[in-house]
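Below, each chain spelled out in residue letters.
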Amino acid sequence: MSIVDNRKARHDYFIEETYEAGIVLQGWEVKAIRAGHVQLAESYVIIRDGEIWVIGMHISPLPTASSHIVPDAARTRKLLFRQEEINKLIGRVEQRGYTLVPLNLHYTRGRIKMDVGLGRGKKQHDKRDTSRDRDWAREQERLLKHNAVRRRAELAD
């Protein structure tokens with residue numbers, strides 16, 4: 001079940017592979033995410049010292065958050081990957097010019113997980129091509145639906 005999607009990610013990047021990662025969260029963050037107080041729009045993923053981190057994911061604290069902690073809404077959070085996945089991602093990102101993009105947050109067996117995409121950035125003309133293809137697919141669906149209705153009307157006569 002998806003909590004929040006980063007719709008901008010598929011618009012700005014060609015996503016070639018996706019990986020599921022756990023996130024190191026504090027208690028107030030889990031409660032806020034379950035309440036839907038999270039944004040992925042401006043977040044990005046980096047590799048530092050052999051570990052993978054998400055930066056810029058904004059989790060708004062609930063007003064009922066504990067009084068003895070000071071919530072930091074945009075702190076850097078560690079992503080949990082297997083070591084072989086980390087090594088593979090490091091090689092792809094450093095050598096081939098790929099980037100890591102947070103795609104969505106979702107629940108897996110009651111735990112909050114993040115899908116991270118390995119992708120290449122789109123140029124402006126690529127974005128226009130994608131938009132044009134999407135519009136043409138929508139137009140084809142409309143035409144097929146219109147033709148099916150017309151055929152049924154002809155068969156009924």
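Residues numbered from 1 in each chain as written. Predicted model: local features only at pLDDT ≥ 70, side-chain atom pairs only at ≥ 80, totals over all residues. Heavy atoms only, no water.

## Focus on the pattern of salt bridges
1) Next: Going through the model one piece at a time under the given rule, you end up with 10 salt bridges.
2) Next: Salt-bridge contacts for Arg-92 lead to Glu-17; the nearest nitrogen and oxygen are separated by 2.7 Å. With Arg-92 in helix 3 (residues 83–96) and Glu-17 in strand 2 (residues 13–23), this pair connects stretches of sequence that are 75 residues apart.
3) Next: A relative accessible area of 12% places Arg-92 in the buried class.
4) Next: Taking the relative accessible area as the measure of exposure, Glu-17 reaches 24% and is therefore partly exposed.
5) Next: The salt bridge involving Glu-51 is made with Lys-78; its shortest N-O contact spans 3.1 Å. Taken as a pair, Glu-51 in strand 5 (residues 51–55) and Lys-78 in strand 7 (residues 77–80) lie far apart in primary sequence, 27 residues in all.
6) Next: A residue is classified by how much of its surface remains accessible, and Glu-51, at 29% relative accessible area, is partly exposed.
7) Next: Within this structure, Glu-16, Glu-17, Lys-88 and Arg-92 form a network of salt bridges that share partners. (Salt bridge = Lys/Arg side-chain N within 4 Å of Asp/Glu carboxyl O. Helix = DSSP H or I, 4+ residues; strand = E, 2+ residues; numbered from the N terminus. Buried < 20%, exposed > 50% of the residue type's maximum accessible area, 1.4 Å probe, protein only.)

## Thoughts on the nonpolar core
1) Next: Ranked by size, the top nonpolar core spans 27 residues in total, and within it Ile-52, Met-57, Leu-79, Phe-81, Leu-105 and Met-114 carry the most contacts.
2) Next: Every element with two or more residues in this core is listed here: strand 2, helix 2 (27–34), strand 5, helix 3, strand 8 (99–108) and strand 9 (111–121).
3) Next: The biggest single contributor to this core is strand 9, with 4 residues. (Core = buried A, V, L, I, M, F, W, Y, C linked by side-chain atoms within 4.5 Å.)

## Points about unusual backbone geometry
1) Next: Residues other than glycine seldom take positive phi values, yet Asp-49 does so here, at roughly 55°.
2) Next: By the element assignment, Asp-49 lies in the loop between strand 4 (44–48) and strand 5.

## Some thoughts on the pairing of strand 4
1) Next: Bridge count for strand 4 against strand 5 is 5 bridges, and the pairing is antiparallel. Counted as the bridge partner of Val-45 is Val-54 from strand 5.
2) Next: Hairpin remark: strand 4 followed by strand 5, antiparallel, with 2 residues in the connecting loop; positive phi at Asp-49, about 55°. (Pairing = 2+ DSSP bridges.)

## Digging into the side chain of Asp-12
1) Next: For Asp-12, the position within the fold is in helix 1 (residues 7–12).
2) Next: Those residues within four positions of Asp-12 in sequence are excluded, and the remaining contacts are Arg-120, Gly-121, Lys-122 and Lys-127. (Contact = heavy atoms within 4.5 Å.)

## Topic: the packing of aromatic side chains
1) Next: Scanning the entire structure with this criterion turns up 0 aromatic pairs.
2) Next: Note that Arg-92 overlies the ring of Tyr-98, its terminal NZ or CZ placed 4.8 Å from the centroid.
3) Next: The residue whose ring lies beneath Arg-120 is Tyr-98, and the NZ or CZ to ring-centre distance is 4.4 Å. (Phe/Tyr/Trp six-rings, centres within 6.5 Å; stacked < 30°, edge-to-face > 60°. Lys NZ or Arg CZ within 6 Å of the ring centre and 35° of its normal.)

## A short note on the sheet that holds strand 9
1) Next: A sheet is described by the order of its strands in space; here 7 strands give the open sequence 1-8-9-2-7-5-4, paired in antiparallel fashion. The outermost strands of the open sheet, each flanked by one partner alone, are strand 1 (2–5) and strand 4. Ignoring which end each strand starts from, the neighbouring axes of this sheet average 40° apart.
2) Next: Across 3 bridges, strand 1 lies against strand 8 in antiparallel orientation. In the sheet register, Ser-2 faces strand 8, and the bridge partner there is His-106. (Axes fitted to C-alpha atoms, helices over the stretch in contact; angles between N-to-C directions.)

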